[in-house]
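Each chain, written out:
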Amino acid sequence: MAKTIAILTSGGDAPGMNAAVRAATMVALAKGHRMLGIRHGYRGLLDEKIAPLEANRVNRILREGGTILHSSRCKRFHHVEHRERARAALTKHGVDGLVAIGGNGTLTGLTLLSDPAEAGDWPVQCIGIPASIDNDIALTGLAIGVDTAMNTIVEACDRIADTATAHGRTFIIEVMGRDCGYLSMTAAIASGANMVLFPEAARTEEELVASMVKTILSVREHHPEDQRVVAIKAEGVPTPTERLKELVDAKLAEVTGEEAPHEDDDIETRVTVLGHVVRGGRPSAFDRLLGSRLGNVAVRAVLAGEHRKMVSWLPPMDLPEGVGTRSPADPYCYLVDLPAVLAATKALLEGQSPLARWRATAFDDLEDVFLL
Ligand code: F6P
């Protein structure tokens, strides 16, 4: 029997969301089912911005950044009475399955929407797809958008490294990631930065300044011909970037006796905040692939009767007992229980999971390597 599947994108957009929308729609339509697009995420669901998605609307969107369905951060969805309205809207439109693409907030909304304690025996099957440049969702190796964001950061760092080298300057480059340092850490390695500052390390302001000054002095000593220093700082580090710059310049002046600002301004640290630049742009080949594969598996999960699951991306391996199952449609994709995703994400963000503990100290042993 033909099913009706609705799809939405919610929270911060991520490059590759369109690939997931496209794949989900094309697989559903090819198998004889109906696809509805909900515009503007949960806000659009409450406002019933729901319309059929046809193949000719999605088949050319693979390379587009952002999301053709638009997005929102819907505070109303925190309240049970609005979720009740959302359930009623989906029922009214004859929806059998809902696919929600987004980050932690989106998956939390989906978990609440489908919570049997709240929804009773409401029959709509709910499947989540992780998409967030922050890579702060647990039980998936990567979320949609991370790879493109990392590439954007690395390209920006390469460009900044050119001018930093020309002037022998220090740059602090602030990157998005909310409370998660993943993007800063991976981009620091991939761009060959001199150092990385991320929230998981939980360094005090003094420690951050000391570490930066140590790196700058080391570069001056070991690389007199190329004194550039590139430090990548995650936005989740509590010390504001401008304040860090001031503190570093003041400490350097104190340690070296050089005045800041110097009569030659090259000595002063520069700050670049990449901000939302990191979230936009055409998705990388990998994000197109990831979005396509997760979108495909999500729709097949609905068709197979799955409910309250997130489609996750993991190398072929066996998950711990009871956490999830490998998708029969794709050995790199798993179906993991939504409440387990939220619990593990909470542990990750609170520094309680083994992965969070590893991330917190991952660079401890590497500081000397970065100084070479
Ligand atoms: O979650 C994605 C993200 O881009 C974070 O990195 C950032 O902290 C936040 O969203 C910014 O949100 P907004 O676009 O609503 O300002």
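Residues numbered from 1 in each chain as written. Predicted model: local features only at pLDDT ≥ 70, side-chain atom pairs only at ≥ 80, totals over all residues. Heavy atoms only, no water.

(A) Representation of the domain arrangement of the chain. With domains assigned, the chain is organised as domain 1 (4-145 + 283-350) and domain 2 (147-280). Here domain 1 and domain 2 have C-alpha centroids that lie 36 Å from each other. Facing the 14 residues of domain 1 at the interface are 13 residues of domain 2. With both chains or domains summed, domain 1 and domain 2 bury close to 1200 Å², and 53% of this area falls on carbon and sulfur atoms. Contact with domain 2 buries area across many residues of domain 1, yet Asp 13, Ile 133 and Asp 134 alone supply 40% of it, more than any other trio. Inspection of the domain 1/domain 2 interface yields two salt bridges. Across the contact surface, domain 1 and domain 2 share eight residue pairs in polar contact (both at pLDDT 80 or more). Taken together, the residues that form the side of domain 1 that touches domain 2 break down as five nonpolar, four polar and five charged. (Domains from an automatic or database assignment. Contact = heavy atoms within 4.5 Å. Buried area = accessible area lost by both parts, 1.4 Å probe. Salt bridge = Lys/Arg side-chain N within 4 Å of Asp/Glu carboxyl O. Polar contact = N/O pair within 3.5 Å; in protein donor to acceptor, adjacent residues only side chain to side chain. Nonpolar A, V, L, I, M, F, W, Y, C, P; charged D, E, K, R; others polar.)

(B) Structural view of the pattern of salt bridges. Counted under the stated rule, the structure contains 15 salt bridges. For Arg 87, the salt bridge is made with Glu 118, and the minimal N-O distance between the two is 3.2 Å. On the criterion of sequence distance, the pair formed by Arg 87 in helix H4 (residues 80-92) and Glu 118 in helix H6 (residues 116-119) is long-range, its members being 31 residues apart. Taking the relative accessible area as the measure of exposure, Glu 118 reaches 23% and is therefore partly exposed. (Helix = DSSP H or I, 4+ residues; strand = E, 2+ residues; numbered from the N terminus. Buried < 20%, exposed > 50% of the residue type's maximum accessible area, 1.4 Å probe, protein only.)

(C) The arrangement of the packing of aromatic side chains in detail. A complete count under the given rule lists three aromatic pairs for this structure. When the ring of Tyr 42 is compared with that of Phe 77, the centres are 4.0 Å apart and the planes differ by 10°; the resulting orientation is stacked. With Tyr 42 in helix H2 (residues 41-46) and Phe 77 in the loop between helix H3 (55-58) and H4, the pair connects residues that are 35 residues apart, well separated along the chain. For the residue pair Tyr 42 and Phe 77, the accessibility class agrees, reading buried in each case. (Phe/Tyr/Trp six-rings, centres within 6.5 Å; stacked < 30°, edge-to-face > 60°.)

(D) Looking closely at the sheet that holds strand S12 (residues 330-337). Taken together, eight strands build an open sheet; the order of strands is S3-S2-S1-S4-S5-S10-S12-S11 and the sheet is mixed. With one partner strand each, in any of the chains shown, strand S3 (50-52) and strand S11 (324-327) form the two edges of the open sheet. Neighbour-to-neighbour, the strand axes of the sheet open up by a mean angle of 25°, direction not taken into account. In the packing of helix H5 (residues 104-113) onto the sheet, the strands contacted are strand S4 (97-102), strand S5 (125-130) and strand S10 (309-313), and the crossing angle to S4 comes to about 155°. Strands strand S1 (4-9), strand S2 (34-38), S4, S5, S10, S11 and S12 of the sheet are contacted by helix H11 (residues 285-303), whose axis makes an angle of about 170° with S5. (Pairing = 2+ DSSP bridges. Axes fitted to C-alpha atoms, helices over the stretch in contact; angles between N-to-C directions.)

(E) The arrangement of the site of the ligand in detail. Neighbouring residues of the ligand: Arg 73, Ile 133, Asp 134, Met 176, Gly 177, Arg 178, Glu 235, His 276 and Arg 279. Between the ligand and Arg 178, the relevant distance is 3.5 Å, taken from an oxygen atom to a side-chain nitrogen or oxygen of the residue. Separating an oxygen atom of the ligand from a side-chain N or O atom of His 276 is a distance of 2.8 Å. In the complex, 75% of the free accessible area of the ligand, which totals 390 Å², lies under the protein chains. (Near = heavy atom within 4 Å. Areas by Shrake-Rupley, 256 points an atom, 1.4 Å probe, with all protein chains shown as cover.)

(F) Fine view of the pairing of S10. Among the five residues in S10, five count as buried, and that is most of the element. Burial along S10 is two-sided: the face carrying Lys 309, Val 311 and Trp 313 and the face carrying Met 310 and Ser 312 are both buried. Two elements, S5 and S10, share two bridges in a ladder whose sense is parallel. Bridge assignment links Gly 128 to a residue of S10, and that residue is Met 310. Where S10 lies against S12, five bridges are found, and the strand directions are antiparallel. Bridging from a neighbouring strand, Lys 309 pairs with Asp 337 of S12.

(G) Up close: the sheet that holds strand S6 (residues 170-175). As summarised here, the arrangement of the four strands in space is S7-S8-S6-S9, forming an open sheet in which the pairing is parallel. Two strands lie at the open edges of the sheet, namely strand S7 (195-197) and strand S9 (270-273), each paired on one side alone. Between one strand axis and the next, the sheet turns through 20° on average, direction left out of account. By the bridge criterion, three bridges tie S7 to strand S8 (residues 229-234) in an arrangement that is parallel. The residue bridging Val 196 from the neighbouring strand is Ile 232, located in S8. Helix H8 (residues 182-191) rests against S6, S7 and S8 of the sheet, and its axis sits at about 160° to S8. The sheet contacts of helix H10 (residues 241-256) involve S6, S7, S8 and S9, and relative to S6 the element is tilted by about 160°.

(H) Highlighting the nonpolar core. Ile 7, Leu 45, Leu 90, Leu 98, Ile 101 and Met 212 are the most contacted members of the largest nonpolar core, which totals 112 residues. Considering every element that reaches this core, the biggest residue donor is helix H7 (residues 146-167), with ten residues. Shared between two domains, this core takes at least three residues from each, and those domains are domain 1 (4-145 + 283-350) and domain 2 (147-280). (Core = buried A, V, L, I, M, F, W, Y, C linked by side-chain atoms within 4.5 Å.)

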